[in-house]
Amino acid sequence: MHFKHPEILYFLFLLIVPVLVHLFQLRRFKTSYFTNVRFLKELSIQTRKSSKIKKRLLLATRLLLLAFAIFAFAQPFFEAKDSKNASNEMYIILDNSFSMQAKGKKGELLKRAVQELLENTPETANFSLLTNTENYWNTDIKSSKSALQNLKYSATPFELSAIIAKIKAHKSAHKKDIVVITDAVGLTEKDIKNIDPEEKPYFIIPEAEQKNNVAIDSVFINQTLDHFYEISVNLSAYGEDFKPISMALYNQNKLIAKTIINFDNRKKKINFTIPKEAFHGYVTIEDNGLSYDNKLYFSISKTKKTNVISIGDPEKSNFLSRIYTQSEFNYNNYSLSSLDYNSLEKQNTIILNELEEVPQALQTTLKAFVSKGGNLVIIPSEKSSISNLNTFLGNFGKIQFKNLQNTSKLITKINFDHPLFAGVFENKITNFQYPKTAKSFDISSPYPAVLSYEDQSVFLTMVQNAVSGVSVFSAPLNAVNSNFQQSPLIVPLFYKMGQNNQKTGVNALTIGNNQPYFVDVLLTKDAILEIKGNDDSFIPIQQILNNKVKLIFNDFPETAGNYSAFDKKNWVENLSFNYKRSESDLSQANTSVVSDFKTADTLSTIFNTLQTERTDSQIWKWFVIFALLFLALEMAIIKFVK
């Protein structure tokens, strides 16, 4: 037993006062004998005995009354089981990622978690609330009520390790109690390892009852016809036993197509045919799963010719003019001596066709060209300077040329998963007429091969980044060295390499990818581009690059939708933004990683547990009660005991 005010116990010396009072009240009696008063004498003796008993009872009750009163003022208590952590600060981590849209027993997981916070958090409790994107430090439930009620789902995935790092960086003299409310979708052991062993959090993991979900993954142009586009929509189904769902296609919020989808497997591709004109809309489905991935916004710009030039011997470049036709491309060929360097920055793709050496001035220009989103294709000459090529390629990656081999080789392997072959083949081809080369260079490349020889060496590889690509062949493609020009692979391959990475037809950017985007527009020095949507607008980070503007969106916009780029009031280009689909698979819930931590079903359970374990048992009230009882007993003795 402990005392909150142990110094008051010094007043116990006052117990001597009733004893002294009792002693002073004692009197000595003298014996007097009378002849005819025997009966009165016996009565006197009896009265003296009863008086002595009464005084002793009063002394005992007064001593106990005073003692219990003093103990009550000293406030005795029994120390709590976890009293050393009674001053801990509370941190509540609330997962508001899109997977929390899943429905549990009482509705959407996030909305239910918010409701429980509002109902069960004590009004006197101070805490800090952290979500995927927002931090509310040192608040209480009344102050944070509005923020909780207006809390929206975040496009930022739940990263527990990053939020724990924020809490650690928040300096405090007290230890921390951490409560994590999450469905555990995407939770990894790496997130758990960063948690301080002394600050093991409580986990509340609400479970979704409906785990079936269908997500729209991507949209692309599958085929371009004379007057129509055939667009393909890729869907993924997570779960089992799916019912048919409806899909609709909208352009400028006008319905233009609708269909019913039956899932015979987990991946589905749906095709639509639309007029070959500008498109600014979305495709949407209706299912009982998550809602954030039921709509995918995309734009298709008006058909615009792609600028392509080749640098090299005109005779060796004739095959390129047959691929890059005037209907889709502005194609030109220049010899190295007649090349206009000022025209290079206006191109989308530049092909170096069997140059024996790349001049330093051209190397510098092409390095800047690639950094601004241009595509570069390098076809070596058998007389190429290896040292010159390697120095040049060092500007883009780690591809390096080695010795020239005079060995005939067959090109037998196609990397069907490479972006250059995306949408080219309906089925994987295992038997085709293999092209060959008479001479080729050995290439050292850490990047995936696009095409490979029969001995697994590289024929074509590619350094790819977010906005451009550098494709490198290992052999000359002239008719003397190779029959690759007669191969059916050459047309789709060079067609894809000629297209600008960001102008392939469908514009559907992902929020949070932070990839630069290039807009073909000529701005004045002080002009800026503004991105506007139906409900909001923002100004991205931008850099003017001659006839282009480089945009970096970071985590903007916050809401998926169709937007447009404006130069003041002048429309420039349509853009579409979508959320990442990383939360779509609800089976990713990894509850096993929190098996070593305390878990609870509800927040009220945690608050009650902490209060029980950290609240001292106050017993001073019992001492007050006993003091009052002895006071009543004293009054009864005085009144009823003779």
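Keep in mind that this is a model prediction, so the values were computed, not measured.

Procedures and definitions
- Residues numbered from 1 in each chain as written.
- Predicted model: local features only at pLDDT ≥ 70, side-chain atom pairs only at ≥ 80, totals over all residues.
- Heavy atoms only, no water.
- Helix = DSSP H or I, 4+ residues; strand = E, 2+ residues; numbered from the N terminus.
- Buried < 20%, exposed > 50% of the residue type's maximum accessible area, 1.4 Å probe, protein only.
- Contact = heavy atoms within 4.5 Å.
- Areas by Shrake-Rupley, 256 points an atom, 1.4 Å probe, with all protein chains shown as cover.
- Pairing = 2+ DSSP bridges.
- Axes fitted to C-alpha atoms, helices over the stretch in contact; angles between N-to-C directions.
- Phe/Tyr/Trp six-rings, centres within 6.5 Å; stacked < 30°, edge-to-face > 60°.
- Patch = residues over 30% accessible without salt bridge, like charges linked within 9 Å, V, L, I, M, F, W, Y side chains within 5 Å.
- Salt bridge = Lys/Arg side-chain N within 4 Å of Asp/Glu carboxyl O.
- pLDDT = per-residue confidence, 0-100.
- Core = buried A, V, L, I, M, F, W, Y, C linked by side-chain atoms within 4.5 Å.
- Parallel < 35°, antiparallel > 145°, perpendicular 65-115°, else oblique.
- Left-handed = near helix turned anticlockwise from the far one by under 90°.
- Polar contact = N/O pair within 3.5 Å; in protein donor to acceptor, adjacent residues only side chain to side chain.

## Digging into the overall build of the protein chain
Okay, so step 1: Counting secondary structure elements, the protein chain contains 12 helices and 38 strands.
Okay, so step 2: For the protein chain, buried positions account for 43% of its 642 residues.
Okay, so step 3: Considering only contacts within the protein chain whose residues lie at least 6 apart along the sequence, 70% involve residues at least 24 apart.
Okay, so step 4: Here the protein chain displays about 35,300 Å² of accessible surface, and carbon together with sulfur accounts for 51% of that area.

## Regarding the sheet that holds strand E15 (residues 279–286)
Okay, so step 1: With antiparallel pairing, 5 strands are arranged side by side in an open sheet as E13-E12-E15-E16-E28. Each of the sheet's edge strands pairs with one partner strand only, and the pair in question is strand E13 (254–261) and strand E28 (506–507).
Okay, so step 2: Sheet topology places strand E12 (residues 245–251) next to E13; 7 bridges connect them, and they run antiparallel. Pairing of Ala-248 across the sheet is with Lys-258, part of E13.

## Topic: the sheet that holds strand E30 (residues 517–519)
Okay, so step 1: Across the sheet, which stays open at both edges, the 3 strands sit in the order E30-E34-E33 with antiparallel pairing between neighbours. Only two strands of the sheet have a single partner each, and these edge strands are E30 and strand E33 (541–545). In this sheet, adjacent strand axes meet at a mean angle of 25° when their direction is disregarded.
Okay, so step 2: Strand direction decides the pairing type here: E33 and strand E34 (residues 548–552), joined by 5 bridges, are antiparallel. Counted as the bridge partner of Gln-542 is Leu-551 from E34.

## A closer look at the packing of aromatic side chains
Okay, so step 1: In this structure the tally under the stated criterion is 30 aromatic pairs.
Okay, so step 2: Measuring from ring centre to ring centre gives 5.6 Å for Tyr-453 and Phe-459, while their planes differ by 75°; the resulting arrangement is edge-to-face. For the pair Tyr-453 and Phe-459, one class covers both residues: buried.
Okay, so step 3: Aromatic ring contacts, followed pair by pair, group Phe-319, Tyr-453, Phe-459, Phe-473, Phe-484 and Phe-494 into a single cluster.

## Examining the environment of His-227
Okay, so step 1: Looking at the secondary structure, you find His-227 in the loop between strand E10 (213–224) and strand E11 (228–238).
Okay, so step 2: Residue class for His-227 comes out exposed when judged on its relative accessible area of 60%.
Okay, so step 3: C-alpha separation for the pair His-227 and Ile-274, spaced 47 residues apart in sequence, amounts to 8.8 Å.
Okay, so step 4: Beyond its immediate sequence surroundings of up to four residues, His-227 is in contact with Ile-274, Pro-275 and Lys-276.

## Considerations on a nonpolar patch on the surface
Okay, so step 1: Where nonpolar side chains cluster on the molecular surface, the patch consists of Phe-11, Phe-13, Leu-14, Ile-16, Val-17, Leu-20, Val-21, Leu-23 and Phe-24 and spans about 880 Å² of accessible area.
Okay, so step 2: Relative to the helices and strands, Phe-11 resides in the loop between strand E1 (2–3) and helix H1 (16–25).

## Details of the confidence of the model for the protein chain
Okay, so step 1: For the protein chain, per-residue confidence averages 85 on the pLDDT scale, and residues scoring 70 or more make up 89% of the total.
Okay, so step 2: At the low end of the mean pLDDT range in the protein chain sits strand E38 (residues 617–618), at 62; at the high end sits strand E16 (residues 295–300), at 96.

## Description of the environment of Lys-190
Okay, so step 1: Examined against the element boundaries, Lys-190 turns out to sit in helix H6 (residues 189–193).
Okay, so step 2: Distance from Lys-190 to Val-593, taken between C-alpha atoms, is 9.5 Å for residues 403 residues apart in sequence.

## Overview of the pairing of E16
Okay, so step 1: Judged by how many residues are buried, E16 sits mostly within the fold: 5 of 6 residues are covered.
Okay, so step 2: Bridge count for E15 against E16 is 6 bridges, and the pairing is antiparallel. Counterpart to Gly-281 in the pairing with E16 is Phe-298.

## Let's talk about the nonpolar core
Okay, so step 1: Membership of the largest hydrophobic core comes to 52 residues, with the highest contact counts inside it found for Ile-92, Leu-94, Val-179, Leu-529, Ile-531, Phe-553 and Phe-577.
Okay, so step 2: For this core, the leading source of residues is helix H3 (residues 109–120), giving 5 residues.
Okay, so step 3: In this structure Ile-92 touches Leu-117, Phe-127, Ser-128, Leu-129, Leu-130, Val-179 and Ile-181, once residues within four positions along its chain are discounted.
Okay, so step 4: Among the nonpolar cores identified, the runner-up in size contains 30 residues, and Ile-414, Leu-460, Leu-477 and Leu-489 belong to it.

## Brief notes about the pairing of strand E27 (residues 469–473)
Okay, so step 1: Of all 5 residues that make up E27, 5 are buried, and the element is covered over most of its length.
Okay, so step 2: Neither face of E27 is open: one carries Gly-469, Ser-471 and Phe-473, the other Val-470 and Val-472, and all of them are buried.
Okay, so step 3: Here strand E26 (residues 458–464) runs beside E27; their pairing, made up of 5 bridges, is antiparallel. Note that in E27 the partner of Gln-464 across the bridge is Gly-469.

## Things to note about the pattern of salt bridges
Any two side chains of opposite charge can pair if their charged atoms end up close together.
Okay, so step 1: A complete count under the given rule lists 7 salt bridges for this structure.
Okay, so step 2: Of the charged contacts in the structure, one is a salt bridge between Lys-211 and Glu-207, with a shortest N-O distance of 4.0 Å.
Okay, so step 3: Among the ionic pairs, Lys-268 bridges to Asp-264, the shortest N-O distance being 3.3 Å.

## A short note on the packing of H3 against helix H4 (residues 141–149)
Okay, so step 1: H4 packs onto H3 with a crossing angle of 165° between their chain directions and a minimal axis gap of 10 Å. With respect to H4, the axis of H3 lies roughly antiparallel. Remark: the crossing between H3 and H4 carries left-handed chirality. Mapping the contact onto sequence places Val-114, Leu-117 and Leu-118 in H3 and Ile-141, Lys-145, Leu-148 and Gln-149 in H4.

## Topic: the side chain of Asn-390
Okay, so step 1: Along the chain, Asn-390 falls in helix H9 (residues 386–393).
Okay, so step 2: You can call Asn-390 buried: its relative accessible area is 15%.
Okay, so step 3: A polar contact is formed between the side chain of Asn-390 and the backbone nitrogen of Phe-401, at a distance of 2.6 Å.

## Re the side chain of Thr-306
Okay, so step 1: The topology assignment puts Thr-306 in strand E17 (residues 306–312).
Okay, so step 2: By relative accessible area, Thr-306 is classed as buried at 13%.
Okay, so step 3: Setting aside residues up to four positions removed in sequence, Thr-306 forms contacts with Glu-328, Phe-329, Asn-330, Asn-348 and Gly-498.

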